[in-house]
Each structure stands twice: as C-alpha cells, then as structure tokens.
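Observations on chain architecture
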Amino acid sequence: MTDNTRIRLLLLDFDGTLADTRRANTLAYVTTLREAGYTLYEEEYAARYFGMRCEEFLTRFGIQDPAERDRLRRRKIELYPTFFDTLRLNRPLWEFCRQFRTHGGRVWIVSTGSRENIENAMRHLGIGGPETADRVSGFGTGHEKGRAEDDAPLGRVDGILAGPDIVHSKPAPDCFLEAMRREGCTPRETLIFEDSEIGIEAARRSGAGYFVVRL
C-alpha cells in the first residue's frame, strides 16, 4: 500500500545544521570566561561541552553561583557577534528550504540555543525570522515591507523555537512536537534536520522522519 502523505513542515536545528557556528560559539565562551578569570581551551569546549545549553555548560564547568552564571551568559551573548566572521551557512540545505517554501511548505528553526544568539546569527547570514502582520501588509509608515526584504536577503523562516521556549530540552522530543502542534502538522507530515546525538535522538522520539547533517 502506497503512503501518499505529503511533507508540509521542515524543522531545522540551527547550530551545526543550518549554520556552522562551532568556532564563533567556542571563541565567545573562551573569551567570556577568560575575562572572568577562568581558563577554558577551545579544544576542551569543543570536545566536552559544545551543543549544551549555556546554563548546563556553565554548571558542569564548575560555576555554581546562579547570578554568576547569568552574568556570564549575558556577556557571552554580547561577545558572540564579534566572531561572526567565522560563521558559515549550510547553503545547500537553506536553498532546499527556500524552494520548499515557494511550494507552500513551512520551515522552522528548533534549537536548544539562545533565541537572541540565533536571531543575531541569522541576521548576519541574511536570513529573517517570521513575518509580522505589519511586514506582510506594509502598513504603518509605508516602509516596513521594503525594510523586511532588505533585512532578509536570503529569505525567512516561518517560526523559531529556542531553548527557553521548551521545558524539556533535547533529547526529549517536546520542542519538535510543539512546532508540529503550532503548525497543525503530524509527525508523518514533518521532516527534521539535525546534527548532534541528542538532537537526532529527539527527532527519532518525535516519530517524524529525519536527516543527519554533517558540516
């Protein structure tokens, strides 16, 4: 019996899937911690901590004071854009997503990372977030629509779910299931793109089809 289910939704992890952000993230953490008097080597972060939520990473690194962790988290966000010259977009994947959207499909970024970090990196790469009503209609001053196109020369995603949006992070499938719920799609109508072991496990548990990305 043939399965005629049509794929309606693509869910993309960001770091390591849609963009190679490894070096920028690593350098931002190394610099942040060095300013605070801690020693972290690039190789150590890449091997032991890359892909963790900031809170989990700083806790495992040995910083127990919540106020100190929050201060370091905010400083890392400030420093992150200074290393954006090392970012690299996964152009074949993004071009596939752009074509998918032209045929009526929907594309979301679903990540354990900070929303602010993701949006800053997307802006640098030329990718925009979801359209707002004003952007679509051009209402307001009359220039919003033009500005929206200028802000996203490579196109937009339809939604973003970031770390703080979901209580149970990957490898729990909650983030993927929530994106499906918001779009009214089933797992059989969804494809997920992931690179990390915990992300792949979350995709598997969601019941959707998935592809493993290696940058």
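For the structure, check the block above.
So, a few notes on the structure that sits alongside this text.

Rules behind the numbers
Residues numbered from 1 in each chain as written. Predicted model: local features only at pLDDT ≥ 70, side-chain atom pairs only at ≥ 80, totals over all residues. Heavy atoms only, no water. Helix = DSSP H or I, 4+ residues; strand = E, 2+ residues; numbered from the N terminus. Buried < 20%, exposed > 50% of the residue type's maximum accessible area, 1.4 Å probe, protein only. Areas by Shrake-Rupley, 256 points an atom, 1.4 Å probe, with all protein chains shown as cover. Core = buried A, V, L, I, M, F, W, Y, C linked by side-chain atoms within 4.5 Å. Contact = heavy atoms within 4.5 Å. 1 Å grid on protein atoms, 1.4 Å probe; cavity = no way out; pocket = protein on both sides within 12 Å on 5 of 7 lines; lining within 4 Å. Points joined across faces, edges and corners; volume = space filled by probe spheres on them. Nonpolar A, V, L, I, M, F, W, Y, C, P; charged D, E, K, R; others polar. Salt bridge = Lys/Arg side-chain N within 4 Å of Asp/Glu carboxyl O. Phe/Tyr/Trp six-rings, centres within 6.5 Å; stacked < 30°, edge-to-face > 60°. Polar contact = N/O pair within 3.5 Å; in protein donor to acceptor, adjacent residues only side chain to side chain.

Some words on the overall build of the protein chain
A tally of regular secondary structure across the protein chain gives 10 helices and seven strands. Here the protein chain holds 215 residues, and the buried ones make up 48% of them. Surface summary for the protein chain: the accessible area is close to 11400 Å², and the carbon and sulfur share equals 50%.

Some thoughts on the nonpolar core
Core analysis: the biggest nonpolar cluster contains 31 residues, and Phe14, Leu18, Trp94, Met122, Ile127 and Val157 have the highest contact counts within it. Residue assignment for this core shows that the elements contributing at least two residues are strand E1 (9–12), helix H1 (22–35), helix H5 (91–102), strand E4 (106–110), helix H6 (115–125) and strand E6 (190–194). With near-sequence residues (within four places) excluded, Phe14 lies in contact with Ala19, Thr21, Ile109, Ser111, Ile118, Ala121, Met122 and Leu125. Core analysis: the second largest hydrophobic core is formed by 15 residues, Phe176, Ala179, Met180 and Ala202 among them.

Overview of the layout of surface pockets
Space inside the largest pocket adds up to approximately 1000 Å³. Residue lining of the largest pocket: 44 residues in total, with Asp15, Gly51, Met52, Arg53 and Thr112 positioned closest to the centre. Contributions of two or more residues to the lining of the largest pocket are made by H1, helix H2 (42–48), helix H3 (54–61), helix H4 (66–79), H6 and helix H10 (197–206). Per-element tally for the lining of the largest pocket: the top contributor is H4, with five residues. Classifying every residue of the lining of the largest pocket by side-chain character gives 15 nonpolar, 11 polar and 18 charged.

What to know about the pattern of salt bridges
This model, assessed by the stated rule, comprises 23 salt bridges. The closest approach of N and O atoms between Lys170 and Asp13, which form a salt bridge, is 3.2 Å. Residue Lys170 is located in the loop between strand E5 (159–161) and helix H9 (174–183), and its partner Asp13 is located in the loop between E1 and strand E2 (19–20); the two are separated by 157 residues in the primary sequence. Of the two residues examined, Lys170 and Asp13, each falls in the buried class. With a shortest N-O distance of 3.5 Å, Arg115 and Glu119 are connected by a salt bridge. With a gap of four residues between them, Arg115 and Glu119 both fall in helix H6, about one helical turn apart. Using a relative accessible area of 31% as the deciding quantity, one classes Arg115 as partly exposed. Linked by salt bridges that have partners in common, Arg101, Arg106, Asp158 and Glu183 make up one network.

A short note on the environment of Leu215
Within the secondary structure, Leu215 sits in the segment after strand E7 (209–212). For Leu215, a relative accessible area of 43% gives the class partly exposed. When the C-alpha atoms of Leu215 and Ala19 are compared, they prove to be 8.3 Å apart, with 196 residues separating the residues in sequence. Sequence-distant contacts of Leu215, that is, excluding residues within four places in its chain, are made with Gly16, Thr17, Ala19, Asp20, Arg88 and Asn90.

A few points about the packing of aromatic side chains
Inspection of the entire model under this criterion finds 12 aromatic pairs. For the ring pair Tyr29 and Phe57, a centre distance of 4.7 Å and an interplane angle of 65° mean the geometry is edge-to-face. Residue Tyr29 is located in helix H1, and its partner Phe57 is located in helix H3; the two are separated by 28 residues in the primary sequence. No difference in accessibility class separates Tyr29 from Phe57, as the two residues are buried. Clustering of aromatic rings is evident, with ring pairs tying together Tyr29, Tyr38, Tyr45, Tyr49, Phe57 and Phe61.

Things to note about the side chain of Ser111
For Ser111, the location among the structural elements is in the loop between E4 and H6. Note on Ser111: relative accessible area 5%, which makes it buried. Among the polar contacts listed, one links the side chain of Ser111 to the backbone nitrogen of Gly113, at a separation of 2.9 Å. Excluding anything up to four places from it in sequence, Ser111 contacts Asp13, Phe14, Asp15, Ile118, Leu161, Ala162, Gly163 and Lys170.

Fair warning: the whole summary comes from geometry, so function is off the table for now.
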